[in-house]
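These are the residues of each chain, in order.
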Amino acid sequence: MREEMPEATRAGNDALRAEIESMLASYERDSAELVAAQQRAVEPVTVWSDDNLVRVTANVTGVIDVHLEPEAFKRSTPATLGATVTATIQEAARRATSLRTEALDRFTGSMPDLPDLVPGAPSAKDLLARLAPPAPETVTPPPLDAPDDDEDAYFRNRDYLR
């Protein structure tokens, strides 16, 4: 003969079932949010140089595209253009890294570290911080009105065609 469950046991089972369902719903919601955050973290960013001669598109994996306006060769010297390209790439890298950090911070900031789970264990966060490469020094492009040497002016003004 089957015994009826006591009312207290049934209430306990119902409460446990509701808690498990709530945890599953939270897990599914967090998983969907993590996938969206991962997609956002690798989105490309586009940066224009201050003089609007160089456009760089990059994401956290690296540079995707570098575009030079045709006027770049007329309005700048090779040294200035090189420094402008470098500075624009660095800014794109900073923005891509910032986007990644912003997108994933909610998930990485709240995750427990190894010492939180196992006392005395080395910190994975410290290890990752040591493995991350240092930020490159910022290259500042020379001003656009930098004095040109005679040879650059000769070619820029097309004096060789006369």
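Conventions used here
Residues numbered from 1 in each chain as written. Predicted model: local features only at pLDDT ≥ 70, side-chain atom pairs only at ≥ 80, totals over all residues. Heavy atoms only, no water. Helix = DSSP H or I, 4+ residues; strand = E, 2+ residues; numbered from the N terminus. Buried < 20%, exposed > 50% of the residue type's maximum accessible area, 1.4 Å probe, protein only. Contact = heavy atoms within 4.5 Å. Areas by Shrake-Rupley, 256 points an atom, 1.4 Å probe, with all protein chains shown as cover. Pairing = 2+ DSSP bridges. Core = buried A, V, L, I, M, F, W, Y, C linked by side-chain atoms within 4.5 Å. Axes fitted to C-alpha atoms, helices over the stretch in contact; angles between N-to-C directions. Salt bridge = Lys/Arg side-chain N within 4 Å of Asp/Glu carboxyl O.

## Focus: the overall build of the protein
- Scanning the protein from terminus to terminus reveals six helices and three strands.
- Traced from its N-terminal end to its C-terminal end, the protein shows the element sequence α-β-β-β-α-α-α-α-α.
- Evaluated residue by residue, the protein yields a buried proportion of 20% over its 162 residues.
- When contacts within the protein are restricted to residue pairs at least 6 apart in sequence, long-range pairs at least 24 apart make up 53% of them.
- Carbon and sulfur atoms provide 57% of the accessible area of the protein, an area that totals close to 12,300 Å².

## Thoughts on the pairing of strand 1 (residues 45–48)
- What you see with strand 1 is a clean split: Val45 and Val47 sit on the buried side and Thr46 and Trp48 on the side with no burial.
- The sheet contact formed by strand 1 and strand 2 (residues 54–59) spans four bridges and is antiparallel. Paired with Val45 across the bridge in strand 2 is Ala58.
- If you look at the hairpin formed by strand 1 and strand 2, you'll find five residues sitting between the two strands, and Asn52 has a positive phi there, around 60°.

## A few points about the nonpolar core
- Formed by Val47, Leu53, Val54, Val56, Ala58, Ala72, Leu81, Val85 and Ala92, the largest nonpolar core amounts to nine residues.
- Of all elements in the fold, only strand 2 and helix 3 (78–110) reach the threshold of two or more residues within this core.
- Discounting chain neighbours no more than four positions away, the residues touching Val54 are Val47, Trp48, Ser49, His67, Leu68, Leu81, Thr84, Val85 and Thr88.
- Formed by five residues, the second largest nonpolar core is a distinct cluster that contains Ala37, Ala41, Ala103 and Leu104.

## Quick look at the sheet that holds strand 1
- Taken together, three strands build an open sheet; the order of strands is 1-2-3 and the sheet is antiparallel. The open sheet has two edge strands with one neighbour each: strand 1 and strand 3 (62–68). Put simply, the sheet's adjacent strands are angled 20° from each other on average, direction ignored.
- As paired strands, strand 2 and strand 3 are joined by six bridges and run antiparallel to one another. In the strand pairing of strand 3, Asn59 is matched with Gly62.

## Re the pattern of salt bridges
- Scanning all chains against the criterion turns up six salt bridges.
- Residues Arg75 and Glu71 are paired through a salt bridge, measuring 3.9 Å at the closest nitrogen-oxygen approach.
- With a relative accessible area of 42%, Arg75 lands in the partly exposed category.
- Two residues, Arg95 and Glu91, come together in a salt bridge whose shortest N-O distance is 2.9 Å. On the criterion of helical spacing, the pair formed by Arg95 and Glu91 is a turn pair, its members being four residues apart in helix 3.
- By relative accessible area, Arg95 is classed as partly exposed at 42%.

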